[in-house]
Amino acid sequence: MSSWKSLLLRIGDKSSEYNSSSDFKDHIETCFGALRRELLHSSSEILPFLLQCSEQLPHKIPLYGTLIGLLNLEDEDFVKKIVENTQDSFQDALDSGKCDIIRILMRFLTVLMCSKVIQPASLVVVFETLLSSAAITVDEEKGNPSWQARADFYVICILSCLPWGGAELAEQVPEEIERVLVGIQAYLSIRRHTSNSGLSFFEDGESGGDIEKDFLEDLWERIQVLSNNGWKVESVPRPHLSFEAQLVGGKSHEFGPISCPEQPELPSTISAVAYGKQKHEAELKYPQRTRRLNIFPASKTEDLQPIDRFVVEEYLLDVLLFFNGCRKECASFMVGLPVPFRYEYLMAETIFSQLLLLPHPPFKPIYYTLVIMDLCKALPGAFPAVVAGAVRALFDKIADLDMECRTRLILWFSHHLSNFQFIWPWDEWAYVLDLPRWAPQRVFVQEVLEREVRLSYWDKIKQSIENAPALEELLPPKGGPNFKYSGVDGQGKTEQEQALSAELSNKVKGRQSAREIIVWIEESIYPIHGLEVTLSVVVQTLLDIGSKSFTHLITILERYGQVMAKLCSDQDKQVMLIAEVGSYWKNNAQMTAITIDRMMSCRLVSNLAIVRWVFSPENIEQFHLSDCPWEVLRNAVSKTYNRITDLRKEISSLKKGVISAEEAASKAKADLEAAESKLSLVEGEPVLGENPAKLKHLKSVAEKAKEEEESMHDSLEAKEALLARALDENEVLFLSLYKNFCTVLMEHLPDASSDVTLQSLKSIHGDSMAVDLEESSTMEVDDENGIPKKSQSNGGKASNTCNVKEKEQWCLSTLGYVKAFSRQYASEIWPHIEKLDAEVFTEDVHPLLRKAVYSGLRQMSNEL
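Here is a short report on the structure shown in this document. Residue numbers run consecutively from 1 along every chain, following the written order of its sequence. Only residues with pLDDT of at least 70 get local features here, since the model is predicted, and only at 80 or more are side-chain atom pairs given and counted; chain-wide, interface and lining totals rely on the full set of residues. Side-chain metrics in this entry use all non-hydrogen atoms of the structure; hydrogen atoms and water are not considered.

1. Quick word on the pattern of salt bridges
Put simply, the rule reads: One speaks of a salt bridge when a side-chain nitrogen belonging to Lys or Arg is within 4 Å of a carboxyl oxygen belonging to Asp or Glu. Each helix corresponds to a stretch of at least 4 residues labelled H or I by DSSP, and each strand to a stretch of at least 2 residues labelled E; elements are numbered beginning at the N terminus. Burial classes: relative accessible area under 20% of the type maximum marks a residue as buried, over 50% as exposed, and values in between as partly exposed (1.4 Å probe, protein chains only).
Evaluated as defined, the whole model comprises 52 salt bridges. As a salt-bridge pair, Arg-10 and Glu-329 come within 3.7 Å of each other at their nearest N and O atoms. Here Arg-10 is found in helix H1 (residues 3–10), whereas its partner Glu-329 is found in helix H13 (residues 327–335), with 319 residues between them in sequence. Looking at Arg-10, the relative accessible area reads 27%, which means it is partly exposed. In this structure, the salt-bridge partner of Lys-484 is Glu-580, at a minimum N-O distance of 3.2 Å.

So, in structure tokens, the structure goes:
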């Protein structure tokens, strides 16, 4: 890499390029000197690289802005090109809705204004253009309020620039910036407050009766405090001030006008459902970047100004965004932000807020696992204790944590411990054995241990809990498969059935074909023993042969899947097949989920059969005790969703191919017609058409192009037919899923005529429950080892012990999963919402079920 590139990349870092100096002024002068020397013959390389650095290292934007300001003194034309390129990129980002690019480029423009590169008035015009678009969007008469997500995003972008340039704007164009702020206040008065319902980390009722400020309202309040404090921000470096005397001599460039995309048309029929669909589409395209997860009490977190907390969050989120493929670089930049204070607690809260973000984290959860692991290694004296404190605080509130967040926390925590030799002070949580088996804290510990066993082996995990040996009770069973025909005493199977199983095993080992085995079953087993015994013998025996490893299982399903398919030709028999899998792997939840998932991939069982099995009585009893049935259900719905997603991608690709084929066929036809219409001389006589050899070649090309076009059209039609069928199947799947939810919940929930809420469910039979939420949420964490002081005083037992009765906990857990499924697959559910309303969510459905579904879809039930 060229030295000037290294200097640009490492500016602001303690690195060898800058002799480990941390003085920003020295860095800028060194880098400027190198760029000035290269500018004459490498300007075409420097310009895109400098813009790329500014985009992808946004926490260094003040340094790059000052650097560009100094370059402006040397070469105005070069900097003018930077401004023009930035304008083109900004307009393109607006047109295509690239939220991160819009936000970063607005910050970049603000810093360029501070360095005298663009005029303050130009920046104000950008602000006013965005603000005007936002105001029109939320206007009930002229706009389309369902797209408020985009309008809010524009206003958030304006406000989030002000920590980087508010002081300069207030000094240079006070009236204009005041006009913008008044406009934002007016916008806030006409927009709708954004409810966090359905996307909150904790279930309703925890925060009390006050309406929480939404993200935009909170940011507006922080900016007002900043304005009243004279725009002083500790967390934003202002290196341009060191070069102010030089920068003032530079020419300020015009930033041309920009335009916001037209707002989407209002739906032809105005209804709550149509509004909800457009609102969902808008929130998908312009998602809220983060939701704050306040894990630690104010007494433990860093004492920062509100605006500094916002700025550091922005830095951290930017680093997570742009370094998602480079975990070590990510951790390195996260611990070296350009701020003069410590921020470990805020960093932990920000990372956990992304890991648990609803409806989806920005990146795969494994990314956050690796980042947390690297941060623990980068800051061994501080960060591990902070992470441990976060886990304890979340564990204390686990009963109120959203079910999907709970699942993600279990998966993260078990994986995290696997990277640190499974070391954890389990004795602190040994008290969960005294809680009922359905208590959320006890279930959490049980699920973490089960996931740890998957990542290691049973004896290793037993050894890891030796400081709390009683917790062995919560480990999954150690035994392997539960083979009915193993010959072990107590299995209760006849010798005849065991002989059939042994014979089938010998046939498989003898490499008999699936067809031969089917004939043997149809002639020798089925007529004599009937379906139930036949199915049990065949499935159990084949599973036992494939139980040695995942590869063995795949091989068996590929070679002898036809045998199972022949036996289980309808849904009822497929449910029996899945039940046999559950019976065989009853001691291993992981293999149960994997086997059923592979069977669905091989089309041996349908998603509807899996739904029916999940809602069978033996599984319903486990809804609040184990994640196993939910894991199987998640896999089935996800596989169905993935098939549809893959088909849509293939159709999109085919449509591009069709256009190319049509163009090629059209060109070939035109070439042929042009050749046929030409006059040529043959033996001195004029003849219509070119020489026969060329015409023959052109005809061949035209025919092949036409065939290719028809082939592409046929492929597209076939894929579209498959997609239409898949969407119909998807509709049937969700109807079946919600009908089953409705049936089981109506049997368990209290009478709908009573004014029942989630909070009242928690308090049923729980009058004696000693819960002090305020005390629990302000748990103190010891500085050195992260152990809660409160826990030390009561022998490790938390104060908010569970006293919710089993039936109520079953309802709470199941409703939580209803909301989680509705939220995760909202894009696939919205197209079918009218049918679901008509057939499932009728007037007599329980209000808590309706609320859970609509909350997951981000639509309040009273709006439908």
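2. Observations concerning helix H7 (residues 148–172)
Note the following rule: What we call the bend at a residue is the angle made by axes fitted to the seven residues finishing there and the seven residues starting there.
Gly-165 marks the point of greatest bend in H7, at about 80°. Of all the 25 residues making up H7, 21 are buried; the element is thus mostly covered by neighbouring parts of the structure.

3. A look at a negative patch on the surface
Under the convention used in this document: Each patch is assembled from residues with relative accessible area greater than 30% and no salt bridge, linking like charges that lie within 9 Å and nonpolar side chains (Val, Leu, Ile, Met, Phe, Trp, Tyr) that lie within 5 Å. For accessible areas, the Shrake-Rupley method is used with a probe of radius 1.4 Å. Any residue's cover is judged against the shown protein chains and nothing else. Charge counting follows a simple rule: Lys and Arg are positive, Asp and Glu are negative, and His as well as the terminal groups are ignored. Where a charge lies is defined by one atom per residue type: Lys uses NZ, Arg uses CZ, Asp uses CG and Glu uses CD.
A contiguous patch of negative charge, built from Glu-703, Glu-707, Glu-710, Asp-714, Glu-717 and Glu-720, is present on the exposed surface. Of note, Glu-720 is situated in helix H28 (residues 692–748). The class of Glu-720 is partly exposed, set by a relative accessible area of 35%.

4. Observations regarding helix H24 (residues 589–601)
What counts, and what does not: Here the expected length of a helix is defined as 1.5 Å per residue gap, with one fewer gap than residues. For this analysis, a polar contact is any N or O atom pair within 3.5 Å, provided that within protein one partner can donate a hydrogen and the other can accept it, and provided that sequence-adjacent residues contribute only side-chain to side-chain pairs.
Under the 1.5 Å per step criterion, the end-to-end length of H24 is 18 Å for 13 residues, consistent within 8% with the ideal 18 Å. Those residues of H24 not exposed but buried are Ala-589, Met-591, Thr-592, Ala-593, Thr-595, Ile-596, Met-599 and Met-600. Put simply, Asn-588 is the residue that caps the front of H24, since its side-chain oxygen is 3.2 Å from the backbone nitrogen of Gln-590. Phi for Arg-603, located one or two positions after H24, is positive at around 60°.

5. Some thoughts on the packing of helix H21 (residues 514–545) against helix H23 (residues 571–584)
Selection rule: Whenever a helix is involved, its axis is fitted only over the stretch in contact; in every case the axis is a line through C-alpha atoms, and angles between N-to-C directions fall within 0 to 180 degrees. Angle categories: roughly parallel below 35 degrees, roughly antiparallel above 145, roughly perpendicular from 65 to 115, and oblique for all the rest. The crossing is said to be left-handed when, going from far helix to near helix, the turn is anticlockwise and less than a right angle, and right-handed when the turn is clockwise. Note on contacts: a residue pair qualifies if any of its non-hydrogen atoms lie within 4.5 Å across the two residues. Gly is put with the polar residues, along with every residue not named as nonpolar or charged; the nonpolar set is Ala, Val, Leu, Ile, Met, Phe, Trp, Tyr, Cys and Pro, and the charged set is Asp, Glu, Lys and Arg.
Two numbers describe how H21 lies on H23: the axes approach to 10 Å, and their chain directions differ by 45°. Comparing their axes, H23 and H21 come out oblique. You can see that H21 and H23 cross each other, and the crossing is right-handed. Every residue of H23 that contacts H21 at Leu-531, Glu-532, Leu-535, Ser-536, Val-539, Gln-540, Leu-543 and Asp-544 is listed here: Lys-573, Met-576, Leu-577, Glu-580, Val-581, Ser-583 and Tyr-584. Counted by class, the contact of H21 with H23 contains 8 nonpolar, 3 polar and 4 charged residues.

Note that all results are geometric; they support no functional claim without further evidence.
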